[in-house]
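Okay, here's what each chain looks like letter by letter:
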Amino acid sequence: MALIACISWRKTRGSVETKDGYFLGGRGLTAGFIAGSLLLTNLSAEQLIGLNGSAYGYNLSSMAWEVTAAVATVAMAFLFLPRYLAGAFTTLPEFLADRFDGTVQRMSVVLFMLGYGLVTIPSVLYSGSIAVMQFFDVPQLSGLAYFPALVLTVVVIGLTGAAYAIFGGLKAVAVSDTLNGIGLLIIGTLVPVLGLIALGEGSFTAGFAKLVGDHPEKLNAIGAAGDPTPFGTIFTGMIFANLFYWCTNQYVIQRTLGAQSLAEGQKGVLASGFFKLMVPFMMMVPGVIAFHLYGPGLGTIDQAYPRLIEDVLPAWMAGFFLAVLLGAVFSSFNSLLNSAATLFTLDIYAPARKGATSDAHLVRVAKIASVVIALFSFGVAPLLYFAEEGLWQIVRVFTGFYNIPTVVIVIMGLFTRRVPALGAKLVIVFHVIAYGLLRFVFDDTVTLHFIHQYAILFVIEVGIMLAAGYWHPRAEPYQATDSHKVDMTPWRFARPVAFSLLSGVVLLYLVFSPLGLAAADGPGALFGVLAAGLAVLNALVWGASARAVRASS
């Protein structure tokens, strides 16, 4: 951890005094830093424990949240990122101000800030602290009772994570995320390997044979109606939830807005999609291994991964695992803190001062805002302990208040020219009221899965914006600006890489399905034919791409 802090400091010193330097890493982030930071920002302690617990208690259906995110990264690389970089936007609300008006910008900032400040940041800090306490028994180590130990863990993790965001800006966040990401990949690969060796009583191959031979239904990712993630949701609301997260969520996309060029941004975003394809192996297969080792008798499903770690990881690696776990928590926390401070400074404070502020002043305001938000989260996070069930429900529900309207407004803003600001305002008001009624008033009456509700609301809200564009169109069609701040030449291999990424999604669902490993007698002939077909298609696409590159050169 000290080594990562030192490297992050050396990489960022002298480069965070300007607005672009502090908020966007000087618009110089390369593909490796973008991919690494996206990976760690997205993955935290909740996924390590929660996804493995879901696999232990049910099956692999919840991998849909991770694997199908690869589709959204393709959309980001080709549809959203070129437009964001061309306009040189620092925040998503800044784009909304350019496309619509300042009122839409402020409304979106209010939604983001309420979500980040009251729910997302405290919950990330709390869940990360709980994970550290669960793995390492902090009360016993510190000699404190449980709640004081929780407060201590929250403050230590919070202070350390906040230091990156406050003093180093986005670049320090990206550098530390990338280095911690390497550690996560090492642990993520090592745990299932050691787990299979333990399952095979010293033999990896024997353990693998047990994994795929006993209870193959645990390896099924085609979720039924009673599973945590029904398969049908992949084709409805999950599409839009992933588009929001990967294409319009400020704390995720901010590192892509700091890309050195469009090509570097596309490389980083697509690489993060390939990392998402590894999640089932790193964060779900260990849960299935735990089921084979311990049976269904653990107290709760969330005990599966901690128990496996305790049993298979050598004692001398405990420190390395703690560093990786804390790195994952730091990443989500400091990314949220950095983005919340960015939104406040650039979308609330600077417009109120009408631009009469220097870069140094804005950086100073952002640092003060980060300290205030961090201290607020230190106070809120431990309180989740007293009302865990109710507040965890709010955490899940609250995201629905701003994810769908945000993605609707951004998509309509990017791909229409006449839809006015009125349409965006109507959508925000309509969604908050309609979603609130669905979740809190008619929750017992409307039994449709909440992800399907996302899709229905998306269609209705697109209709509202198109109707506004028909009845009250903009006086002048919107013209996207090109700031010429970064090189907008696309990556020449982006298309074949994207095709291979999408093929990987299809292949994973074939592998973890009744046609593949979830079959009682293993993969059959049809699986082989379909997998071979994917391989042939990829060979054809890459061959055509190589010929096109030679022709252009």
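Preceding block: the structure.
Residues numbered from 1 in each chain as written. Predicted model: local features only at pLDDT ≥ 70, side-chain atom pairs only at ≥ 80, totals over all residues. Heavy atoms only, no water.

Section: empty space enclosed by the protein
To keep things clear, this is the line we draw: A 1.4 Å probe that fits but cannot get out identifies a cavity on a 1 Å grid over protein atoms alone, an open set with protein on both sides within 12 Å along at least five of seven lines counts as a pocket, and a residue lines either if it has an atom within 4 Å of a point. Grid points are joined across faces, edges and corners, and a volume is the space filled by probe spheres set on the points. To qualify as a helix, a DSSP run of H or I must reach at least 4 residues; to qualify as a strand, a run of E must reach at least 2; elements of each kind are numbered from the N terminus.
Under the definition given, this model contains one cavity of 30 Å³ or more. Empty space within the largest cavity amounts to approximately 30 Å³. The wall of the largest cavity is formed by Leu 96, Ser 108, Leu 111, Pro 405, Thr 406, Ile 409 and Ile 428. Elements that contribute at least two residues to the lining of the largest cavity include exactly α8 (102-136) and α19 (388-415). Top contributing element to the lining of the largest cavity by residue count: α19, with three residues.

A closer look at the layout of surface pockets
The criterion, for reference: In this classification, the charged set is Asp, Glu, Lys and Arg, the nonpolar set is Ala, Val, Leu, Ile, Met, Phe, Trp, Tyr, Cys and Pro, and all remaining amino acids, among them Gly, are polar.
The computed volume of the second largest pocket comes to approximately 290 Å³. Looking at the second largest pocket, it is lined by 14 residues, and the ones nearest its centre are Thr 68, Val 71, Ile 234, Phe 235 and Val 505. Mapped onto the lining of the second largest pocket, the elements with two or more residues apiece are α6 (69-87), α12 (237-248) and α22 (494-511). Here the residues of the lining of the second largest pocket sort into twelve nonpolar, two polar and no charged.

Here's the deal with the pattern of salt bridges
Using the following cut-off: Should a side-chain nitrogen of Lys or Arg be within 4 Å of a carboxyl oxygen of Asp or Glu, the pair is scored as a salt bridge. With a 1.4 Å probe rolled over the protein chains alone, any residue whose accessible area is under 20% of its type maximum counts as buried; one over 50% counts as exposed, and the rest are partly exposed.
Evaluated as defined, the whole model comprises four salt bridges. A salt bridge links Lys 425 to Asp 101, with the shortest nitrogen-to-oxygen separation between them at 2.9 Å. Separated by 324 residues along the polypeptide, Lys 425 in helix α20 (residues 421-441) and Asp 101 in the loop between α7 (92-99) and α8 bring together distant segments of the chain. Taking the relative accessible area as the measure of exposure, Lys 425 reaches 24% and is therefore partly exposed. Overall, the relative accessible area of 22% leaves Asp 101 in the partly exposed class. Among the salt bridges present, the one from Lys 267 reaches Glu 264, with a minimum N-O distance of 3.2 Å. One end of the pair is Lys 267 and the other is Glu 264, both in helix α14 (residues 262-283) and three residues apart, which spans about a single turn.

Looking at the packing of aromatic side chains
The condition is simple: Ring pairs shown here join Phe, Tyr and Trp side chains whose ring centres sit within 6.5 Å, with only the six-membered ring taken for Trp; geometry is labelled stacked below 30 degrees between planes, edge-to-face above 60, and tilted in between.
Per the stated rule, a full pass over the model turns up 25 aromatic pairs. Ring centres of Tyr 56 and Phe 291 lie 6.0 Å apart, and the angle between their planes is 65 degrees; this geometry places the pair in the edge-to-face category. One end of the pair, Tyr 56, is in helix α4 (residues 45-57); the other, Phe 291, is in helix α15 (residues 285-294), and 235 residues separate them in sequence. Of the residues examined, Tyr 56 reaches a relative accessible area of 4% and is grouped as buried. Note on Phe 291: relative accessible area 14%, which makes it buried. What links up through ring pairs into an aromatic cluster is the set Phe 112, Tyr 116, Phe 244, Tyr 245, Trp 246, Tyr 251 and Tyr 402.

Focus on the environment of Val 365
Rules: Residue contacts are counted whenever heavy atoms from the two residues lie within 4.5 Å of one another.
Topologically, Val 365 is positioned in helix α18 (residues 359-380). Separated by 20 residues in the primary sequence, Val 365 and Thr 345 have C-alpha atoms spaced 6.6 Å apart. Aside from chain neighbours lying at most four places away, what touches Val 365 is Phe 344, Thr 345 and Tyr 349.

Quick look at unusual backbone geometry
Notably, Ala 88 is not glycine yet its phi reads approximately 55 degrees, a positive angle. Tracing the backbone through its elements, the reader meets Ala 88 in the loop between α6 and α7. Phi angles above zero are rare outside glycine, and Glu 201 is one such case at about 50 degrees.

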